[in-house]
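Working through the structure, step by step
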Amino acid sequence: MKALYWVGSPKKDLLEMPATVVDVVGYALYLAQSGLKHQQAKPLKGFGSAGVLEVVEDYDGNTYRAVYTVRFSNGVYVLHCFQKKSRKGIETSTQDKEMIEARLKLARRHSKGV
């Protein structure tokens, strides 16, 4: 089982979401730690290969997302958990993408030091 690392505030952000969303994301992360992929986990566009994934869960008319990476051999890094605010289809906002990219860089640095 791989270690689970939280980069920034995603754990706090996840725990503020509805319990159903927390359950889905928690199970998806457990599967990722086990080397498996949740059926709702899909590669996040704009981040290259399938090493950066997002889990999307709809609840009570809202959409919630959790982004994590399995790119590093030492563990699974949770990069961002948020409620989708954009009204433009399924596109992830530029601000969210920039946060994910910055946290991915931190995860990369951490993975080299572990």
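Cut-offs and rules
- Residues numbered from 1 in each chain as written.
- Predicted model: local features only at pLDDT ≥ 70, side-chain atom pairs only at ≥ 80, totals over all residues.
- Heavy atoms only, no water.
- Core = buried A, V, L, I, M, F, W, Y, C linked by side-chain atoms within 4.5 Å.
- Buried < 20%, exposed > 50% of the residue type's maximum accessible area, 1.4 Å probe, protein only.
- Helix = DSSP H or I, 4+ residues; strand = E, 2+ residues; numbered from the N terminus.
- Contact = heavy atoms within 4.5 Å.
- Pairing = 2+ DSSP bridges.
- Expected span 1.5 Å × (residues − 1).

1. Observations concerning the nonpolar core
Judged by nonpolar contacts, the single largest core of 18 residues is most densely connected at Leu14, Met17, Val25, Leu29, Val55, Tyr68 and Cys81. Elements supplying a minimum of two residues to this core: α2 (19-33), β3 (52-59), β4 (62-69) and β5 (75-83). In terms of residue count, the dominant contributor to this core is α2 (seven residues). Not counting residues within four places of it along the chain, the set of residues in contact with Val55 comprises Val24, Val25, Ala28, Gln40, Ala41, Tyr64, Arg65, Ala66 and Tyr68. Among the nonpolar cores identified, the runner-up in size contains twelve residues, and Leu44, Val52, Tyr77 and Ala107 belong to it.

2. Section: the pairing of β5
Remember that side chains alternate between the two faces of the sheet whenever the strand is regular. The buried count for β5 comes to eight of nine residues, which makes it a mostly enclosed element. In the sheet, strand β1 (residues 3-6) pairs with β5 via four bridges, with the strands oriented parallel. Looking at the pairing, Leu4 lines up with Val76 of β5. What sits between β4 and β5 in their antiparallel hairpin is a turn of five residues.

3. Quick look at α2
Helix length check: α2, at 15 residues, gives a terminal C-alpha distance of 21 Å against a target of 21 Å (1.5 Å per residue), a fit within 8%. For α2, every residue scored as buried is listed here: Val21, Val22, Val24, Val25, Ala28, Leu29, Leu31, Ala32 and Gln33. The secondary structure elements touched by the buried residues of α2 are β1, α1 (10-15), β3, β4 and β5. Taken from the residues just after α2, Gly35 is the one with a positive phi, measuring 85°.

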